[in-house]
Amino acid sequence: MFDSNRKKTFHSQALNRLTVLERLTWLIPVGFIVREIIYTHSEIEEVLHDSPSPAVIIALIIAILFVTALQAGFWFLLAKVLFHFARKQIMRNNSFITVEDLDYYRDKLTGLSPGTISLLTDLKIEPKKDRAACILKYENMGILKMEENRYIVNTDVPEFASLRESDRFLLNALCNGTFNAQKEGNWIYMLQKEAVADGYLTSRLSSTDKQKETTSTCSRCVLGCSAPLIFIVIMSFVFYAFKDRVNAYFEILDALPETASFGEQTNYLLQYPEYLPVLAGLMIMVLLFFLCLIIPLLVFVGTISSGFTKAHFKRTTLGNQMTEYIYGMKNFIHDFSNLSEATQNELVLWDDYLVYAVVLEENQQIVNDIIKRRKSL
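In this text, all values refer to a predicted model and were calculated from it rather than measured experimentally.

**Considerations on the side chain of Lys8**
Mapped onto the fold, Lys8 is located in strand E1 (residues 7-9). In this structure the side chain of Lys8 is engaged in a polar contact, spanning 2.7 Å, whose partner is the backbone oxygen of Leu102. There is a polar contact of 3.0 Å between the side chain of Lys8 and the side chain of Asp103. Beyond its immediate stretch of four places on either side in the chain, Lys8 contacts Asn94, Ser95, Phe96, Thr98, Asp101, Leu102, Asp103 and Tyr327.

Following this line, the structure appears as structure tokens:
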């Protein structure tokens, strides 16, 4: 186990998006409340027209919230679990163990390609962004240029000999106009293989990691399947223990006239305050029973969501050290430069730092410009 106090996390665009989406899930019950008020507007207006007492108004609010909980509960919990587990997994991907506890770093990341920087940041390749960063790097080195609306590779520059397999593959695909989904996958595989060969990453598929993941998955499955059974057993004992009071309360409810209004029903039930805890208990039991019925589905959705965002690699000790330099570089670019607003024409001035700004998600405009240029080829 690593000391969590030594961990730092990249706040990537993907992580920020999921954080916002998870917070927006609270709009689901709010929307259902508004929907319930609109659909039952005439009934609510009828209750309010009779000059209800504060107790009736409170009962009306509780009834609306209870119905909303039953209607919106499934969709709210489904979205909450989906975004929460995905965000939690991405946060794991973006977190690294600090070695020197650096906050800022401004020396060049010599020897690290844009693809390796991206992998060390969040253990993933974002094809559009990372491809744009590579193109900027090649143009900066004088290897790639545009002539007659197409890419041309200059093999005469000395830096061409230092290119790696992934670089040559990408340049070839760009110049031939054959960069498709299949070649994108091949390019990503090459970048991952190079990061592993350099000692920055290692596979998660070791026997120990497999055992941990299997144990975690089995624990969630056991919890998801056993929770409803445990609740039903507990609810049966509770219901049996309070059977007499529940039966007496049902007899009181049976005495209510069928034509009684909501206000009359509320005032009638308030004549028996000793049974209000029974009513509250029944409402809570209904909500908990509903929750336990959907727990297996929520566990399944959470496991799938976490699996889709889980990386197949983890950082080595050397990888954590280099990741800390990248983290410091990102902070330096964000806090002490205007690279987020720099244009491609300023590439010569900023040299490799503008490439870092692109791959570290500090300059989206250049990514968009390069994508538009490629589409026009």
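After that view of the structure, there is still more to cover.
**Some thoughts on unusual backbone geometry**
Positive phi values are uncommon outside glycine, yet Ser51 reaches one of about 50°. Turning to its location among the elements, Ser51 is positioned in the loop between helix H3 (41-49) and helix H4 (54-94).

**A closer look at a negative patch on the surface**
Judged by side-chain charge, Glu43, Glu46, Asp50 and Glu264 come together as a negatively charged surface patch. Among the secondary structure elements, Glu46 is positioned in helix H3.

**Examining helix H11 (residues 262-269)**
Of all the positions in H11, only Gly263, Thr266, Tyr268 and Leu269 are classed as buried. Taken together, the buried residues of H11 touch H4, helix H10 (243-254) and helix H12 (276-309).

**Here we look at the environment of Leu282**
On the secondary structure map, Leu282 appears in helix H12. The class of Leu282 is buried, set by a relative accessible area of 19%. Residues Leu282 and Val246, spaced 36 residues apart in sequence, show a C-alpha to C-alpha distance of 8.8 Å.

Cut-offs and rules
Positions within a chain are numbered from 1, following the residues in the order the chain's sequence is written. Where local features are concerned, this predicted model is filtered to residues with pLDDT of at least 70; where side-chain atom pairs are given and counted, the filter is 80 or more; whole-chain, interface and lining totals use all residues. Just so you know, side-chain values use all the structure's heavy atoms and leave hydrogens and water out. Strands are runs of DSSP state E lasting at least 2 residues, helices are runs of H or I lasting at least 4, and numbering of each runs from the N terminus. Any N or O atom pair separated by 3.5 Å or less is treated as a polar contact, with the protein-specific requirement of one donor-capable and one acceptor-capable atom, and with residues adjacent in sequence counted only for side-chain atom pairs. Whether two residues are in contact is decided by their heavy atoms, any of which lying within 4.5 Å being enough. Nonpolar side chains (Val, Leu, Ile, Met, Phe, Trp, Tyr) within 5 Å and like charges within 9 Å form the patches, drawn only from residues with over 30% relative accessible area and no salt bridge. Only the protein chains shown count as covering a residue, and every accessible area follows the Shrake-Rupley method with a 1.4 Å probe. Whenever Lys or Arg places a side-chain nitrogen within 4 Å of a carboxyl oxygen from Asp or Glu, that contact is recorded as a salt bridge. The positive count covers Lys and Arg only, the negative count covers Asp and Glu only, and His and the chain ends enter neither. Lys charges are placed at NZ, Arg charges at CZ, Asp charges at CG and Glu charges at CD. To sort residues, take the accessible area from a 1.4 Å probe on protein chains only and compare it with the maximum for the residue type: under 20% means buried, over 50% means exposed, and anything in between is partly exposed.

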